[in-house]
Every structure is written in C-alpha cells, then in structure tokens.
Amino acid sequence: MTLQVAVVGYGLAGSVFHAPLIAAEPRMRVAAVVTSSDERAAQAQREHPGVRVVATADELFADPAGIDLVVIATPNRTHAPLARQSLDAGLPVVVDKPFAVSVADAEDLIKRAEQAAIALTVFQNRRWDGDFLTVRTLAESGRLGQVRRFESRFERWRPVPKGGWRELGDAADGAGLLFDLGSHLIDQALTVFGPTKSVYCELDRRRTGITTDDDAFVALTHASGVRSHLWMSAVAPQLGPRFRVLGSQAGYLTYGLDPQESALRDGRRPDDGKPWGTVESDNWGVFGAEGAVEPVPTIAGNYPAFYAAMAAALLDGGAVPVDPRDAVATLRVLEGARRSAAEGEVVAG
C-alpha cells in the first residue's frame, strides 16, 4: 500500500523539509498540497506530478477521501487548530515543530488523538542530524565518562531582518528564535540527558524593526545532573561550535551544520542514488582530552528515517517516530524559559 499524504502549507517547511522526504519514502506519495499561492501551487505540480492542489485547509478537510496522512507545515500559530481539524476528520497527523504554541494546546491534541486512536507525531528532524547522532552515541557509549556539560548552538549572521511573522509576530504566534531554533536544541538536550529540574533564559531583541527575540541563551539543569547550555542567535558575526560536550573522561567538539538541510534546499532528494547525510573527514569533530584528541567520523545524518518510521507506524503497527509527549516536555521548558527571561531568574522546569 502507498500512503497518500496531504501537505498543508508549501513554503520552506512544506516544500523543502517535508515533501521531498515524503516523496523519497517508497510507501508514501505527496497526493495533495494546500497553498493559496499560485506560484507555490505551480511549484507543487512541477515537483509532484498529479498532485491535487487546494487553496485552503477547509477545502481539504471538506473532501478528505483518499488521504491517509496530513502534514502540518504552516505558521506556528496554526499548528494546533489545523491538527485538531485533521484529527476530527479521522486522519493521522505529522505536526512541524513547535508542536503548538502552548502546553495546553499540545495536551489537548494528545488527548484527542488517544481518544480516537489516531496516530499523532511531531517533526523533530534534528534528532537525525549526523552530528547529533554522533553526540548521542558517544554519550550513551560511556566513552565521554560522566557527561557534565552539553553545549549546543544554532547561530547565524543575519544583521538585516528578513521580515515575516517569525520576526514581526508575538508570543501567540510562536515567533522568535526561542520557539524556532530553541524547539530543536531543547528537544535534543532532553532526548539525550532527560528531564530538567530548572531553567534559566536570557532573551534579547538586537536588531531594529523586529518585535521578538533574535538572540537567546537557555541553561538547563537536568535531573541527571548534566547542565545544558544552549545558544540560538541571528546576530553572531562569528559562529561558535555546533556542539561541545564535556565529560569526566573526554570531550567532543564539532563545528558546522549537518549537510542535509543545504542538500534539500539545493533540490536534492535522499533517493537520488548519491550518498546522503555524509560529512567529509575534513569536517569531522574531535574527541578526547587536552593533548590527546583525534577526529571522530560523523555518523551519516538520516532525515528519511522520520517518514520511514511514520510509514511503519501506519502500515505495520510500529511506534510513531517522535512521541508527542516529548514535544509537551519541550514546550514546558520553552514556557519556563520565557518566564525565566521575564523574571530574570532561574525557574523550575
């Protein structure tokens, strides 16, 4: 069976991060796209011949016959309402991160999905970044010893704002870098090091003409004792390491971003017959202790694993690729971070 997938929203998220991965999964097909843009509609029809294009989600849900899965790739504010529509229509859902803009909305979605026995998951694709897979393997293997500090960064140099809701919206829109890049960084930290006891956050708006945060720092104290320090910035003229992990026996340091995003932006698909997600040896991270460090091969990134797991969940009874309760945990930390920044102190999280 081939799952017929509807992608709601065909901007960057829908056209670059979701549709190519869906099309590359042998048991899935991009069957429908929701976009009100004539340009994006034409793009979808070029990239996915035979696709049905409709202008609104209401139009899709009014006639969902033949659709097996809905992917929500729209602005953050609309994630929960559109996911509710999909669940009410009896359709499984993939929601792009962040899952919702509040814990209450997220918990409501999970309750609805469980009551209706409908699959629900969250697109946390950065769990399949090669550098993160490498960090996770090193941490879980014990080669680092007891991990004491986990440092993680998504930094960019964009001194001139691009505009749009991410820079001009407010908290209700889920705007700002904390909810954008922070959703990834916090999810990664919780995935490896577990729940948190406390959260401290600094939020700043550095550029003129924007209304939300473009420079943020989050410090987490995990119940396991690990401390995570997370940076996200659009105003970093020099970029720090992507990961620095410090353990009692060794550390791991790596620079640069996983290559999968740039490959997708360049129009590549994982099923094009070329190596996917691999990192050249010149860009490997280093492992060890002062005076005795060596390069460590970066595990190949694997974004296709997300939709392979989703196909298995729907067709074979497997688990969804990301438990939506994990997204609730991330949202709790995000809400705690906002509260910490407003109060200027550490809060429980």
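Let me sum up the structure you'll find in this document.

Rules of the game
- Residues numbered from 1 in each chain as written.
- Predicted model: local features only at pLDDT ≥ 70, side-chain atom pairs only at ≥ 80, totals over all residues.
- Heavy atoms only, no water.
- Helix = DSSP H or I, 4+ residues; strand = E, 2+ residues; numbered from the N terminus.
- Salt bridge = Lys/Arg side-chain N within 4 Å of Asp/Glu carboxyl O.
- Buried < 20%, exposed > 50% of the residue type's maximum accessible area, 1.4 Å probe, protein only.
- Core = buried A, V, L, I, M, F, W, Y, C linked by side-chain atoms within 4.5 Å.
- Contact = heavy atoms within 4.5 Å.

What follows covers the environment of Ala308. Residue placement: Ala308 occurs in helix α10 (residues 304-316). For the pair Ala308 and Arg29, spaced 279 residues apart in sequence, the C-alpha to C-alpha distance is 12 Å.

In this structure the tally under the stated criterion is 27 salt bridges. Between Arg153 and Glu151 there is a salt bridge, and its shortest N-O distance comes to 3.8 Å. Glu151 sits in the buried class, given a relative accessible area of 6%. We note a salt bridge from Arg153 to Glu155, for which the minimum N-O separation is 3.9 Å. For Glu155, a relative accessible area of 18% translates into the label buried. In the salt-bridge network here, residues are joined through shared partners; they are Arg84, Asp88, Asp105, Asp108 and Arg112.

Attention shifts here to the nonpolar core. Counting residues in each nonpolar core, the largest one holds 99 residues, and the members touching the most others are Met28, Leu60, Phe99, Phe150, Val218, Met232 and Tyr307. When residues in this core are grouped by element, the largest group, ten residues, is from helix α8 (residues 177-193). Excluding its chain neighbours within four sequence positions, the residues that come into contact with Phe99 are His79, Ala80, Ala106, Leu109, Ile110, Leu120, Val122, Pro324, Ala327 and Leu331.

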